[in-house]
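Close look at the chain arrangement
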Amino acid sequence: MALYNFKKIMVVPTSKEFIDITLSKTQRKTPTVVHKHYQIHRIRHFYMRKVKFTQQNYHDRLSQILTDFPKLDDIHPFYADLMNVLYDKDHYKLALGQINIAKNLIDNVSKDYVRLMKYGDSLYRCKQLKRAALGRMCTIMKRQKQSLEYLEQVRQHLSRLPTIDPNTRTLLLCGYPNVGKSSFINKVTRADVEVQPYAFTTKSLFVGHMDYKYLRWQVVDTPGILDHPLEERNTIEMQAITALAHLRSAVLYVMDVSEQCGQTLEQQLELFNNIRPLFANKPLLIVANKCDVKKISELTEEDQKIFADLTAEGISVIETSTLTEEGVMTVKTEACDKLLAHRVDGKMKGKKVHDVLNRLHLAVPAKRDEKARPPFIPEGARIGRKTMEVDAPKRKTERDLEVEMGDDYILDLQKYWDLMNQDEKYDVIPEIWEGHNIADYIDPDIMKEELKVKDEEMQEIRQLAKQIREKRKLKIVCSKDKDVHGPRLPRTVKKVERKTLEKEMGDLGLDMTGKDDSHYAVNARRSRSVGVAKKRKREASVVPTSRTRSQSASRPPRDQSGVRDPKMAKQAKKLMKNQQKDMNRQGKKGEADRHVFDLKPKHLFSGKRKSGTNDHR
Amino acid sequence: MCLLPQPQNEHIELHRKRHGQRLDHQERKRKKESREAHERSHKARKMIGLKAKLYHKQRHSEKIQMKKTLKMHEQRKTKQKNDDKTPEGAVPAYLLDREGQSRAKILSNMIKQKRKEKAGKWEVPLPKVRAQGETEVLKVIRTGKRQKKAWKRMVTKVCFVGDNFTRKPPKYERFIRPMGLRFKKAHVTHPELKATFCLPILGVKKNPSSPLYTTLGVITKGTVVEVNVSELGLVTQGGKVIWGKYAQVTNNPENDGCINAVLLV
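These figures come from a predicted structure and were not determined experimentally.

1. Some points on the packing of aromatic side chains
Residues and elements named next belong to chain A. For the structure on display, the rule yields nine aromatic pairs over all chains. Where Phe46 meets Tyr47, the ring centres are 5.0 Å apart and the plane angle is 85 degrees; that geometry is what we call edge-to-face. Across the pair, exposure class does not vary: Phe46 and Tyr47 are buried alike. Consider the rings of Tyr212 and Trp217, whose centres lie 6.3 Å apart with planes at 65 degrees: the pair is edge-to-face. Stacked on the ring of Tyr38, the Lys or Arg Arg42 has its end atom at 3.8 Å from the ring centre. Directly above the ring of Phe605 sits Lys600, whose terminal nitrogen or CZ lies 5.2 Å from the centroid.

2. Digging into the interface of chain A and chain B
Chain A puts 30 residues into the contact, and the matching count from chain B is 26 residues. Taken together, both faces of the contact between chain A and chain B bury some 2,500 Å²; the carbon and sulfur share is 48%. The three residues of chain A that bury the most area against chain B are Tyr119, Arg125 and Arg160 of chain A, which together make up 25% of that side's buried surface. Between the two partners, chain A and chain B, sit two salt bridges. Asp192 of chain A is paired through a salt bridge with Arg18 of chain B; the nearest N and O atoms lie 3.2 Å apart. Mapped by element, the contributors of at least two residues to the side of chain A that touches chain B are helix H1 (15-29), helix H4 (89-117), helix H5 (123-143) and strand S2 (206-212) of chain A. The element that contributes the greatest number of residues to the side of chain A that touches chain B is H5 of chain A, accounting for six residues.

3. Describing the pairing of strand S2 (residues 149-155) of chain B
Look at any regular strand and the pattern is simple: side chains alternate between the two faces of the sheet. All names here are of chain B. Note: strand S1 (residues 138-143) against S2, five bridges, orientation antiparallel. Bridging across to S2, Val140 finds its partner in Arg153. The antiparallel hairpin formed by S1 and S2 contains five residues in its connecting segment, where Gly144 sits at a positive phi of about 100 degrees. As defined by bridge partners, S2 adjoins strand S3 (residues 175-176) across two bridges and the pair is classed as parallel. Counted as the bridge partner of Arg153 is Phe175 from S3.

4. Structural notes on the pattern of salt bridges
Per the stated rule, a full pass over the model turns up 29 salt bridges over all chains. Across the pair Lys17 of chain B and Glu194 of chain A runs a salt bridge, and its minimum N-O distance is 2.3 Å. Remark: Glu194 of chain A occurs in the loop between helix H7 (181-188) and S2 and Lys17 of chain B occurs in helix H1 (residues 11-19); the pair is interchain, linking two chains. On the basis of relative accessible area, Lys17 of chain B is assigned to the exposed category, the value being 52%. In this structure, the salt-bridge partner of Arg59 of chain B is Glu62 of chain B, at a minimum N-O distance of 2.9 Å. Here Glu62 of chain B and Arg59 of chain B lie together in helix H3 (residues 50-77), a separation of three residues that amounts to about one turn. Residue classification places Arg59 of chain B among the buried positions, given a relative accessible area of 18%. Using a relative accessible area of 36% as the deciding quantity, one classes Glu62 of chain B as partly exposed.

5. Considerations on the packing of H1 of chain A against helix H2 (residues 40-68) of chain A
The relative placement of two packed helices comes down to the angle between their axes together with the axis-to-axis distance. Residue and element names in this part refer to chain A. Where H1 contacts H2, the axes come no closer than 10 Å and their chain directions differ by 140 degrees. In terms of orientation, H1 lies oblique with respect to H2. Crossing handedness for the pair H1 and H2: right-handed. Of the residues in H2, those touching H1 at Phe18, Ile19, Ile21, Thr22, Lys25, Thr26 and Lys29 are Arg49, Lys50, Phe53, Thr54, Asn57, Tyr58, Arg61 and Leu62.

6. Quick look at a negative patch on the surface
A grouping of Glu259, Glu266, Glu301 and Glu302 of chain A is seen on the molecular surface, where their side chains present a negatively charged patch. Checked against the element boundaries, Glu266 of chain A lands in helix H9 (residues 265-274).

7. Observations regarding the side chain of Thr214 of chain B
All names here are of chain B. Along the chain, Thr214 falls in helix H6 (residues 211-216). At a separation of 3.2 Å, a polar atom in the side chain of Thr214 contacts the main-chain amide nitrogen of Asn207. Here the side chain of Thr214 touches Ser210 through a polar contact of 3.4 Å, landing on its backbone oxygen. Those residues within four positions of Thr214 in sequence are excluded, and the remaining contacts are Val204, Lys205, Lys206 and Asn207.

8. Some details on unusual backbone geometry
Residues and elements named next belong to chain A. A positive phi angle, close to 60 degrees, is found at Phe200, a residue other than glycine. One can find Phe200 in the loop between H7 and S2. For Phe200, a relative accessible area of 23% gives the class partly exposed. With a phi angle near 60 degrees, Glu259 is a residue other than glycine that sits in the positive phi range. Inspection of the secondary structure puts Glu259 in the loop between strand S4 (250-256) and H9.

Basis of the calculations
The numbers attached to residues start from 1 for each chain and follow its sequence in the written order. Here the convention is simple: chains get letters from A, ligands get numbers from 1, in the order in which they are written. Since the coordinates come from a predicted model, pLDDT governs what is reported: local features require at least 70, and pairs of side-chain atoms require 80 or more to be given and counted, while whole-chain, interface and lining totals use all residues. The basis for every side-chain value is the complete set of heavy atoms in the structure, and neither hydrogens nor water enter the calculation. By convention, a stacked pair of Phe, Tyr or Trp rings (six-membered ring in the case of Trp) has centres within 6.5 Å and planes under 30 degrees apart, an edge-to-face pair has planes over 60 apart, and any other such pair is tilted. A 1.4 Å probe rolled over the protein chains alone gives each residue an accessible area, and that area as a share of the maximum for its type sets the label: buried under 20%, exposed over 50%, partly exposed in between. To sit over a ring, a charge needs its Lys NZ or Arg CZ within 6 Å of the ring centre and within 35 degrees of the ring normal. Only heavy atoms matter for contacts: two residues are in contact if any of them lie within 4.5 Å across the pair. The term buried area denotes the loss of accessible surface (1.4 Å probe radius) that occurs when two parts are joined, taken as the sum for both partners. We define a salt bridge as a side-chain nitrogen of Lys or Arg found within 4 Å of a carboxyl oxygen belonging to Asp or Glu. Helix and strand labels come from DSSP, where a helix needs a run of H or I of at least four residues and a strand needs a run of E of at least two; each type is numbered from the N terminus. Paired strands are those between which DSSP finds at least two bridges. Axes, fitted as lines to C-alpha atoms, cover a helix only where it is in contact. Angles between the N-to-C directions of the axes lie from 0 to 180 degrees. Roughly parallel covers angles under 35 degrees, roughly antiparallel covers those over 145, roughly perpendicular covers 65 to 115, and oblique covers all other angles. Two helices crossing with the near one rotated counterclockwise from the far one by less than a right angle form a left-handed crossing, whereas a clockwise rotation gives a right-handed crossing. Surface patches are drawn from residues lacking salt bridges whose relative accessible area is over 30%; two like charges belong together within 9 Å, two nonpolar side chains (Val, Leu, Ile, Met, Phe, Trp, Tyr) within 5 Å. Values of accessible area rely on a 1.4 Å probe in the Shrake-Rupley scheme; residue burial ignores everything except the protein chains shown. Under this rule, positive means Lys or Arg and negative means Asp or Glu; His and the chain ends count for nothing. Where a charge lies is defined by one atom per residue type, namely NZ (Lys), CZ (Arg), CG (Asp) and CD (Glu). We call two N or O atoms a polar contact when they sit within 3.5 Å, provided that within protein one can donate a hydrogen and the other can accept it, with sequence-adjacent residues counted only if both atoms are side-chain atoms.

Printed below as a string of structure tokens:
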């Protein structure tokens, strides 16, 4: 079931704000420039657009208000009734109806004026028509001032209503004012309802949640009800009556035994009998509160007779005291059990149960012999259970100690430490010892390690391991000393001669004869290095004849020609790099690269021209 | 699923009641209030455009109200000489005979004015209106295979056609009165009651620009129209119910989209 959450309703603006927002939106979001000399259809379209835009905005906003507010016919009757009590159903419906009418009127105005604008033959005429149209729409909105104010107040109040699920398990508290309903709910749930000595402290419904038997329970606190007929009840009491009438819950009628609330027991009984019809079909429980002041057994005969009568009718009466918490748990468990039984009964009588029942089957294992096999409960659990039942005093908490000692209290967690040697509990542990940080050396398994160390075998293994480590380090150092070459080329860069390859492979045991057509031999022949494969006999080395060849050997490279000293060379290089910086930053390939990647950047060609230039807008 | 409590009903006020305000609440409030004047003036100086115009207008009216209240308060505190303690009509001695003269002057002026107006002329709220030329009121519609014929005219102003009006066959109609410009109701103001009613039009009595417009039913500013006043429940001295009266149009209906008229009593 959907949780009734009225917090998502949008804010309803006041009529003045509404008009301002819509008109300024029209002014900002539609084109603003039109001239007399434009073609007439363009002028017409310009003004028609404004009229339609304004109408669209009003329509949208008003529709949203109409859909956001809950329809009283569509929500659960509990909420419908509650809203009727709080906001008056007629007024609510009227206000929404007015908004609906306004929306239709605005639509009609826009339609009429757009139709008229088609006959506009000059800019002045179209402009006047647009002005008349917008003015009319805004006047319609001005008339809705009262409705909008009312709806805004309703929205604010609605958003703060507690979310009560009408279909789930609920306990409802009712009774005279000041009997202790709010104190009860404060004790049982985490709701923080205000408790004060004057009557009608609780002025509306409050909800709290609690757990019992792994289920979620709602507890609803109501304002007190006085004893007069239904017609005379005010809004606050009517909320309680609405909750009683519509929520399927267990009713806890709270009575004040000590009569501190200002009403006698007879009056409380009178009220009980008066609202009895509302308790039809609901599990009922009477809570006799404030029993720490006066117990039922201390009452007079007549008063005790009242409670006896009630018990005789079959309604359980439980004495409680929200001050000492006596009986609160009993009330809770009994009410919950009763309600659960009631609900289960109801469900069993219904039709839906059979679907579930058909699928459920409780399998009980068959006994194979006569041996008794009771459930095993460990001793600790048994003791725990016993203490829980007996409600033995719990062990003293630190908080209790603190309260006791007052100002003298010091938080001393070291007394709980579990050490082998109890005397060492309060020893001071240093942080740094002999230059080492003690925290680095903490090892939780240190006791085990210590014991291990004493073992003889382990000693020998350790000795051996130490030797191996030392030897290894020495070897590494020696090999490092041997390395005089420094960084070396990887093996694959060097060219491997055919005969070295064949020799090495032959040494290793491979048969390398007759490998002329092998892959490596063929490749070697095909490669360009002519000089290596065929060694021709040459005469004395021939001097190169062409000039370029000779000069290329003797001519200095261009970045070194004309440069006197390394300082100048460095400067020249720096100049070159500086010049390239700009081009590199723009991602250009070189000086000649004039390609523009984005001829029409979006930020220079979109948006209105306000106070920018062509370089920025 | 956690059992966190939800904020209900007046939780804000309850929290304030239980825990009070922030420790610096009063100081912050005082400072914020004193800053308001500076912020308002900053806003008023820096705002530009349409927003500024609207804001300044609103602020101006606010200031006028403030000044009025201040003045009112000041008046209560100080005593002022009441200048018109002398009753109306009481005149000092040296003005006694002149008074008679001025009254006589007023009477003769009235008579002169009445003589000026010719007999039989109605007293209408708008005696003179700008005459609307034909090019303004009637638009030329070209027809024919080559769009050369120009004998059709379309009315560009608001007009009224009767209930039993049927167009002539389109081929033969010379004056086109478009449906979008036909109006049946007018907003008529009663000059004495100062109330406005939306009354149906019965017919166009006279259009001051031209009798052609009267026959066509064109309604412009200054046109005298007959309206159905049975809604007002006026009765003649004889006991007969008045159901038609004349009213004069006071606005330009084609610019405003509605006909506003003043009842001629």
